[in-house]
Amino acid sequence: MTDATLATSTSKIVNKPQSRFRIKSSTVVITLYLLFLMLPLYWLLNMSLKTNTEILSEFTLFPRNLTFANYATILTDPAWYNGYINSLIYVVMNTVISLAVALPAAYAFSRYRFMGDNHLFFWLLTNRMAPPAVFALPFFQLYSSVGLFDTHIAVALAHCLFNVPLAVWILEGFMRGVPKEIDETAYIDGYSFGRFFVKIFTPLIASGIGVAAFFCFMFSWVELLLSRTLTTVDAKPIAAIMTRTQGAAGIDWGVLAAAGVLTVVPGALVIYFVRNYIAKGFALGRV
């Protein structure tokens, strides 16, 4: 055995414990991180399966008297389940409107050059940077004047102010990745713009549409200030109802926890269905 071969085999033997230690340490770090993230969700679920007496009287890792009465209250009381229906209505409306506006706008930014295009693009992003509190009072006054106050479309349009710039920014990045030669070939083949955009171009940016829809949905679902300011009864979302749970007997912690669990479910389902699109978006560097 030569000296070089001996040195190579010796280095492999020495490095094996180090690689094993690295794998074990990274596994421990990831496990602790996941536990840190999952602990609030588990505690929320744990509280939702307890009575108020057990929640306030003792500290338990598991419910001693398992109960689904809190979920029954959510699903049978119109004051609660109407909040979920209202939230889903204006969130879906906002996502559809935002994508319908953002798709042609992003196509124009990605395919054409015109005077002030960069300034206009930057101005769109500045709307997304502003906090919702800045626009709460103007929207309240405007909607009260035109009769849109306490309607689903009012909240959906208000959220478009923030979601449309974000959707344009995301979609424009995906559209830039599609060669312009595809547009020219389609026009030579006799495709109209509408047919080309729907039949050819949209499937090519399906990942971008999924990513944009996800972010629009999640912002509109969790946003509280505008949805609470612009609604009172008919269109009040679940996020606003959860902030008004204190009654004569105090706060109903079990029902509030059950409402929180059911509020997490739609977002989790959306993440599950668009997870592949989000992964592609991060891989392409568009998110």
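Residues numbered from 1 in each chain as written. Predicted model: local features only at pLDDT ≥ 70, side-chain atom pairs only at ≥ 80, totals over all residues. Heavy atoms only, no water.

Across its full length, the protein chain holds 13 helices and two strands. Burial status across the protein chain gives 37% buried among its 287 residues. Sequence-distant contacts in the protein chain: of pairs separated by 6 or more residues, those separated by 24 or more amount to 74%. As presented, the protein chain carries roughly 16900 Å² of accessible surface, and 70% of it is formed by carbon and sulfur atoms. (Helix = DSSP H or I, 4+ residues; strand = E, 2+ residues; numbered from the N terminus. Buried < 20%, exposed > 50% of the residue type's maximum accessible area, 1.4 Å probe, protein only. Contact = heavy atoms within 4.5 Å. Areas by Shrake-Rupley, 256 points an atom, 1.4 Å probe, with all protein chains shown as cover.)

All told, the structure shown has two salt bridges when counted by the stated rule. Between Asp 183 and Arg 111 there is a salt bridge, and its shortest N-O distance comes to 3.1 Å. Here Asp 183, found in helix α8 (residues 181–188), pairs with Arg 111, found in helix α4 (residues 78–111); they are 72 residues apart in sequence, far enough to count as distant. Accessibility classification places Asp 183 together with Arg 111 in one group, the buried group. (Salt bridge = Lys/Arg side-chain N within 4 Å of Asp/Glu carboxyl O.)

Relative to each other, α4 and helix α9 (residues 193–204) sit at 95°, their axes nearing to 13 Å. Between α4 and α9, the crossing angle belongs to the class labelled roughly perpendicular. Only Phe 193, Phe 196, Phe 197 and Phe 201 of α9 make contact with α4, whose side of the interface consists of Leu 103, Tyr 107 and Arg 111. Grouping the constituent residues of the contact of α4 with α9 by class yields six nonpolar, no polar and one charged. (Axes fitted to C-alpha atoms, helices over the stretch in contact; angles between N-to-C directions. Parallel < 35°, antiparallel > 145°, perpendicular 65-115°, else oblique. Nonpolar A, V, L, I, M, F, W, Y, C, P; charged D, E, K, R; others polar.)

Within the secondary structure, Glu 54 sits in helix α2 (residues 52–57). At 4.6 Å, Lys 50 is the nearest oppositely charged side chain to Glu 54, a buried residue that forms no salt bridge. Of note is the side chain of Glu 54, whose polar atom sits 3.4 Å from the side chain of Thr 60. The residues contacting Glu 54, other than those within four sequence positions of it, are Thr 60, Phe 62, Pro 63, Arg 64 and Asn 65. (Lys, Arg positive; Asp, Glu negative; His and termini not counted. Polar contact = N/O pair within 3.5 Å; in protein donor to acceptor, adjacent residues only side chain to side chain.)

Another point: the packing of aromatic side chains. In total, this model carries 16 aromatic pairs according to the counting rule given. Aromatic pair Phe 135 and Phe 162: ring centres 5.6 Å apart, planes at 80°, arrangement edge-to-face. With Phe 135 in helix α6 (residues 133–146) and Phe 162 in helix α7 (residues 152–176), the pair connects residues that are 27 residues apart, well separated along the chain. Just as Phe 135 is buried, Phe 162 falls in that class too. Centroid distance Phe 162 to Phe 219: 5.6 Å. Interplanar angle 40°. Geometry classified as tilted. With Phe 162 in helix α7 and Phe 219 in helix α10 (residues 206–222), the pair connects residues that are 57 residues apart, well separated along the chain. Owing to a relative accessible area of 0%, Phe 162 belongs among the buried residues under this scheme. For Phe 219, a relative accessible area of 15% translates into the label buried. (Phe/Tyr/Trp six-rings, centres within 6.5 Å; stacked < 30°, edge-to-face > 60°.)

To continue, consider α6. Taking 1.5 Å per residue, 14 residues should reach 20 Å; α6 reaches 21 Å between its end C-alpha atoms and fits that length. By the burial criterion, the buried members of α6 are Phe 135, Ala 136, Phe 139 and Tyr 143. Where α6 is buried, its residues contact α7 and α11 (225–229). Just beyond α6, the residue with positive phi is Gly 147, at close to 80°. (Expected span 1.5 Å × (residues − 1).)

Tracing the chain through its elements places Asn 94 in helix α4. Sequence separation between Asn 94 and Ala 154 is 60 residues, and the spatial gap between their C-alpha atoms is 9.8 Å. Excluding its chain neighbours within four sequence positions, the residues that come into contact with Asn 94 are Ala 156, His 159, Cys 160, Asn 163, Cys 216 and Ser 220.

Looking now at the nonpolar core. With 60 residues, the main nonpolar core has Val 168, Leu 171, Met 175, Phe 201 and Ile 205 as its most contacted residues. Sorting elements by how many residues they give to this core places α7 first, with 14 residues. Look past the residues within four positions of Met 175 in its chain and what remains in contact with it is Leu 103, Ala 106, Tyr 107, Ser 110, Arg 111, Phe 197, Phe 201 and Ile 205. (Core = buried A, V, L, I, M, F, W, Y, C linked by side-chain atoms within 4.5 Å.)

The next thing to look at is α7. Residues lying three or four places apart along an α-helix face the same way, a consequence of the helix completing one turn every 3.6 residues. Look at α7: 34 Å from first C-alpha to last across 25 residues, which is about the 36 Å you get at 1.5 Å a residue. Burial analysis of α7 places 19 of its 25 residues in the buried class, which makes it a mostly covered element.

Turning our eyes to something else, we now look at the state of the cysteines. Going through the model one piece at a time under the given rule, you end up with zero disulfides. As a non-bridged cysteine, Cys 160 has Cys 216 as the owner of its nearest cysteine sulfur, 8.0 Å distant. According to the relative accessible area criterion, Cys 160 is buried, its value standing at 10%. (Disulfide = S-S within 2.5 Å.)

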